[in-house]
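These are the residues of each chain, in order.
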Amino acid sequence: MEGTLVIADVSGYTRYLAGVELEHSQDILADVIGLIAEQLGRSLDVEQLEGDAVFCYRADGDHFDLRATIEDCYIAFADRLRSIYRLSTCGCLACRSVPMLDLKFVAHHGTFLEQHMAGRHSLLGPDVILIHRLLKNHVSETTGVGPYAFLTDDCIAHSGIVGSEQDLIPHAEDYDVGHVTGVVIDLAQVWRERRETQRMYLGAEEALVSVEREMLTTPEDLWDHIAVSANQIGWLVGLDTVEEHHPQGIRGVGTVSHCVHGDVMLRHEVLDWQPPRYLTERIVGKWSGTWIVTVELSPVDGQRTVLAWRMRIETLPDTADEDAIAALVAPVMEQSAENLAARFDRALEISTPAG
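A brief report on the enclosed structure follows. (Residues numbered from 1 in each chain as written. Predicted model: local features only at pLDDT ≥ 70, side-chain atom pairs only at ≥ 80, totals over all residues. Heavy atoms only, no water.)

Let's talk about the overall build of the protein chain
Note the following rule: Helical segments are the DSSP runs of H or I of at least four residues, strand segments are the runs of E of at least two, and each set is numbered from the N terminus. In this scheme, a residue with accessible area under 20% of its type's maximum is buried, one over 50% is exposed, and one in between is partly exposed, where area comes from a 1.4 Å probe on protein chains only. Residue contacts are counted whenever heavy atoms from the two residues lie within 4.5 Å of one another. Here the Shrake-Rupley method, with its probe set to 1.4 Å, supplies the accessible areas, and only the displayed protein chains count as covering residues. Positive: Lys, Arg. Negative: Asp, Glu. His and the chain ends are not part of the count. The atoms used to mark charge sites are NZ of Lys, CZ of Arg, CG of Asp and CD of Glu.
Each helix and strand in the protein chain was counted, giving 10 helices and 16 strands. Across the 355 residues of the protein chain, 47% fall into the buried class. Within the protein chain, contacts between residues at least 6 apart in sequence are counted, and of these 62% link residues at least 24 apart. Accessible surface, the protein chain as shown: approximately 17500 Å² in total, 52% of it carbon and sulfur. Across the protein chain, the mean location of the 27 positive side-chain charges is 3 Å away from that of the 56 negative side-chain charges.

Below you can see the structure in the form of structure tokens.
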């Protein structure tokens, strides 16, 4: 039998298990392995779960899009890890260390035999051995790519995948079974491009609470006060301290901030980032639930900006009421906008000589 062989391997698995509590780590790993199997199982036959990996195959016959299958699986995996990290209110090391996990794929096309023994199904043959050898490679060291898909030339030829050298990076490995050539797909880049095409913008008609305030400044000058969490201290009502984490090295989509308001901690995650026009965040609190918030800056005449601050509730705790939450949040938003406007009013007064 001929067909496509694919292995999805969770990288960082051993280091993660060795460094965190077992109670939550086992649940998290079972969840993500199950997700990978479910995603790949839409186009492939899941042959075996191998601890930190999922081994799949697809016999030649009906056409399927291998690249889309792999990329969609990675996007689902990355989004699931982000959800676990941002939505969990647990402070254990297992939950806080989820970002150390990642996913890589190897894919090959070849010949194999199906074996049924003692009620179990397995694949046999040299190409089955090769696909497992491919997991031990030098892709990251050679290409600098983190999460990746390494597809052999045989796989490319049978899958019809095309692309440029920037898109499909040539790569080769030497094994005891021979010299293997193929290409590498940068899945982190795929994820970034996918996020760029998925805008998250909350319009006035969708908002539960909306506040608008004219500011005596430009959107460019106002942006840093809005977009940098540390700059919100002093005008955002109740904000005491801020701690930020930037997965991409700079503030933008994916940035997570932990903001302390007295005894309350809120987790902010940037979902959309369009400076200096607008940004959208997901805000999660243990008692307040999950909100989507868009802050939009619209220029008026080159010297003034209308700040529009909109919020809707995504999920609420069982004991919370939407109207009650809105009644608490609205005056805080209004007072914060007033505080920020006053900051620019004072700056204008200082810069304007007395007549």
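Focus: the environment of D153
Note the cut-off: Nitrogen and oxygen atoms within 3.5 Å of one another constitute a polar contact, given that in protein one can donate a hydrogen and the other can accept it, and given that sequence-neighbouring residues count only through two side-chain atoms.
Tracing the sequence through the fold places D153 in helix α7 (residues 153-159). On a C-alpha basis, the gap between D153 and G254 in space is 34 Å, while along the polypeptide they are 101 residues apart. Once residues within four sequence positions are removed from consideration, D153 is found in contact with T181 and G182. Engagement of the side chain of D153 in a polar contact is seen with the side chain of T181, the distance being 2.4 Å.

Comments concerning the packing of aromatic side chains
To describe a pair of aromatic rings, you give the distance between the ring centres and the angle between the ring planes. Worth spelling out the cut-off: Pairing of aromatic rings covers Phe, Tyr and Trp, the last counted by its six-membered ring, and requires centre-to-centre distances within 6.5 Å; plane angles under 30 degrees mean stacked, over 60 mean edge-to-face, and any other angle means tilted.
All chains considered together, the criterion is met by 5 aromatic pairs. Between the aromatic rings of Y74 and F77, the centroid separation amounts to 6.2 Å while the plane-to-plane angle is 35°, which identifies the pairing as tilted. Here Y74 and its partner F77 are both found in helix α3 (residues 66-87), 3 residues apart, which amounts to about one turn of the helix. With relative accessibility at 1%, the residue F77 sits in the buried group. Residues W223 and W273 carry aromatic rings whose centres are separated by 5.2 Å and whose planes lie at 70° to one another, so their mutual orientation is edge-to-face. With W223 in helix α9 (residues 219-227) and W273 in strand β13 (residues 264-274), this residue pair connects regions lying 50 residues apart in the sequence.

Overview of the sheet that holds β13
What counts here: Pairing between two strands requires that DSSP report at least two bridges joining them. As a rule, the C-alpha atoms of each element are fitted with a line to give its axis, helices using only the stretch in contact, and angles between N-to-C directions run from 0 to 180 degrees.
Taken together, the 7 strands give an open sheet; going across it, the order is β10-β16-β15-β14-β13-β12-β11, and neighbouring strands pair in antiparallel fashion. Only two strands of the sheet have a single neighbouring strand rather than two, namely β10 (209-215) and β11 (241-245). Recorded for the sheet is a direction-independent mean angle of 20° between the axes of neighbouring strands. Pairing analysis gives 5 bridges linking β11 to strand β12 (residues 256-261), with the strands arranged antiparallel. Along β12, the bridge assignment pairs V242 with C259. Its contacts with the sheet put α9 on β10, β13, β14 (278-285), β15 (289-299) and β16 (305-315), and the angle it makes with β15 is roughly 165°.

Description of the nonpolar core
For the record, the criterion: For our purposes a nonpolar core is just a set of buried Ala, Val, Leu, Ile, Met, Phe, Trp, Tyr and Cys residues, chained together by side-chain atoms within 4.5 Å.
I36, L40, L66, Y74, L103, F105 and L151 are the most contacted members of the largest nonpolar core, which has 44 residues in total. Looking at which element gives the most residues to this core, the answer is α3, with 9 residues. Discounting residues that sit within four places of it in the chain, L151 has contacts with L66, I70, A107, I156, I161, G182, V183 and I185. Grouped together as the second largest cluster of nonpolar side chains are 34 residues, V270, I283, I313 and A330 included.

Focus: the side chain of T218
Within the secondary structure, T218 sits in the loop between β10 and α9. Discounting chain neighbours no more than four positions away, the residues touching T218 are G302, Q303 and T305.

Quick notes on the pattern of salt bridges
For clarity, the threshold we go by: Salt bridges are counted wherever a side-chain nitrogen of Lys or Arg sits within 4 Å of a carboxyl oxygen of Asp or Glu.
For the structure shown, the criterion picks out 11 salt bridges. As a salt-bridge pair, R67 and D167 come within 2.7 Å of each other at their nearest N and O atoms. Here R67, found in helix α3, pairs with D167, found in the loop between α7 and β8 (169-175); they are 100 residues apart in sequence, far enough to count as distant. Assessed through its relative accessible area of 29%, D167 is described here as partly exposed. E296 is the salt-bridge partner of R310, the closest N and O atoms lying 3.0 Å from each other. Placement of R310 in strand β16 and of E296 in strand β15 is noted, with a sequence separation of 14 residues between them.

Considering the pairing of β8
Note that β8 and strand β9 (residues 178-186) share 7 bridges and pair antiparallel. Residue pairing in the sheet places P170 in a bridge with V183 of β9. The hairpin formed by β8 and β9 contains 2 residues between the paired strands.

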